[in-house]
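Here is what each chain is made of, one letter per residue.
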Amino acid sequence: MPIKNKSRLEFIALMASLMSIVALSIDALLPALEQIGVSIGIQDTRDNQLLVTMIFLGLGFGQLIFGPISDSLGRKPVIYMGFIVFVIASFICVTANSLEMMVLGRILQGIGLSAPRTISIAMVRDSFSGDYMAKIMSFIVVIFILVPVVAPAIGKLILDAYGWKAIFNSQLIIGVLIMIWLWRRQPETLAVAKRTKFRLRLFVDGTKEFLKYRQAVIFTLVSGFITGSFMVYLSASQHIFQEQYQMIEEFPFIFAGLAISVGIATFLNGTLVMRFGMMRLVTVFMVFFTLIPLLYTFLFLNTENPSISIFLIFCGLQFFSLGFLFGNLRAIAMQPVGHIAGVGAAINGFVSTIMAVPIATFIGSYITTTALPLYIGFLVCGIICLGLVVLNNKKSNS
């Protein structure tokens, strides 16, 4: 459906807001992980990482439910369904008194949030295609990135003033406001004529169709490795900065500064992608994504952490590369499957997320006294992704 310039800006802002509920539910909680761990009786502080990785597990499985249904019922009703699940899950988290109950709540939160996260991408694909879709996705991600910039600081303020449970309550209030905005201002993007009749084989048939497109499969796998390596940082950042570097009060601001580097790259990508194309940008910055941790590993293998300034420089460069990858990888994977955008977004999101959770959990378990395992993880994932990109380019040219 065509979107005029004025409404296009609102569309970008709304899609970014739908995606930002996920980021808010993760990043605003980071300063509170230690306090939550004490409150629910966590003995090993590394188990705090489960409060981050398990929400991604829910995000992965939830997409399998909501994506296919949205191809039948439309996009907006499915987003409302997911938000109701998120509300119930948030109450479980607030009342949790054990790690098991908190993990259950976080998984259910992820399942609920998978609806706005996945369906917003399907709505973009309903409305745009090609490099222009990548441009729109880049601008959406730029706004989306602002949430990680401010969320930890906001979470710290709420934590200090009202306690960790208030962070969950604030997320619910923001979510309700976004749902009202969606209801009042955004038309349905999936026309009735393009909807598929709901049946149990809908996902099976969609998966078979998805697997026909090599580009969609390869770049879904690439997204999984990239997301997994970045999820290590998300889940272990509190441990690295607050425990290894003893920068407890500075942590929200450090996290914000690194998020800005992703945002700057994503903003530049929105302009450059129309000039160079998303495939060329992905290839170039995948090389940078791999070379940076190679240099870090060479310099700091079998040593203590470098100074905080050196560490932040490497992190900033690494995340700058990520800014050129996130939106483009998803857009490249979704490009050939626009006719099954709901199922396609679900499969893409499910596979990449389910890959990312064990990757992040495995690598994160080695982050004890130094941050070196984080960069070894970046390096290994980068090498694998480079191989997949080269494979795709070679077959495309043959």
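In case you missed it, the structure is sitting above this.
Residues numbered from 1 in each chain as written. Predicted model: local features only at pLDDT ≥ 70, side-chain atom pairs only at ≥ 80, totals over all residues. Heavy atoms only, no water.

### Side note on the layout of surface pockets
The following threshold applies: Grid points spaced at 1 Å and placed over the protein atoms alone form the basis of the search, with a cavity being a set where a 1.4 Å probe fits but cannot get out and a pocket an open set showing protein on both sides within 12 Å along at least five of seven lines. Lining residues have an atom within 4 Å of a point. Grid points are joined across faces, edges and corners, and a volume is the space filled by probe spheres set on the points. Each helix corresponds to a stretch of at least 4 residues labelled H or I by DSSP, and each strand to a stretch of at least 2 residues labelled E; elements are numbered beginning at the N terminus.
Taken as a whole, the largest pocket spans an internal volume of roughly 290 Å³. Every element with two or more residues in the lining of the largest pocket is listed here: helix H5 (99–127), helix H8 (202–210) and helix H14 (341–364). Per element, the largest residue contribution to the lining of the largest pocket is three residues, and it comes from H8.

### Some remarks on the pattern of salt bridges
Which entries qualify depends on this criterion: What makes a salt bridge here is a side-chain nitrogen of Lys or Arg within 4 Å of a carboxyl oxygen of Asp or Glu, nothing more.
Taken as a whole, this structure holds six salt bridges when the rule is applied. Here Asp160 makes a salt bridge to Lys156, at a shortest N to O gap of 2.9 Å. With Asp160 and Lys156 both in helix H6 (residues 130–162), this residue pair falls four residues apart, about one helical turn. Residue Lys156 pairs with Glu249 through a salt bridge whose shortest N-O separation is 3.4 Å.

### Observations concerning unusual backbone geometry
As a reminder, the rule being used: Accessibility here uses a 1.4 Å probe with only protein chains present; expressed as a share of the type maximum, an area under 20% marks a residue as buried, one over 50% as exposed, and anything in between as partly exposed.
The backbone of Gln246 shows a phi angle near 55 degrees, a positive value even though the residue is not glycine. As for its placement among the helices and strands, Gln246 is situated in the loop between helix H9 (214–244) and helix H10 (251–276). Even without being glycine, Asn302 reaches a positive phi, approximately 60 degrees. Structurally, the position occupied by Asn302 is in the loop between helix H11 (278–300) and helix H12 (308–323). Look at Asn302 and you get exposed, because its relative accessible area is 74%.

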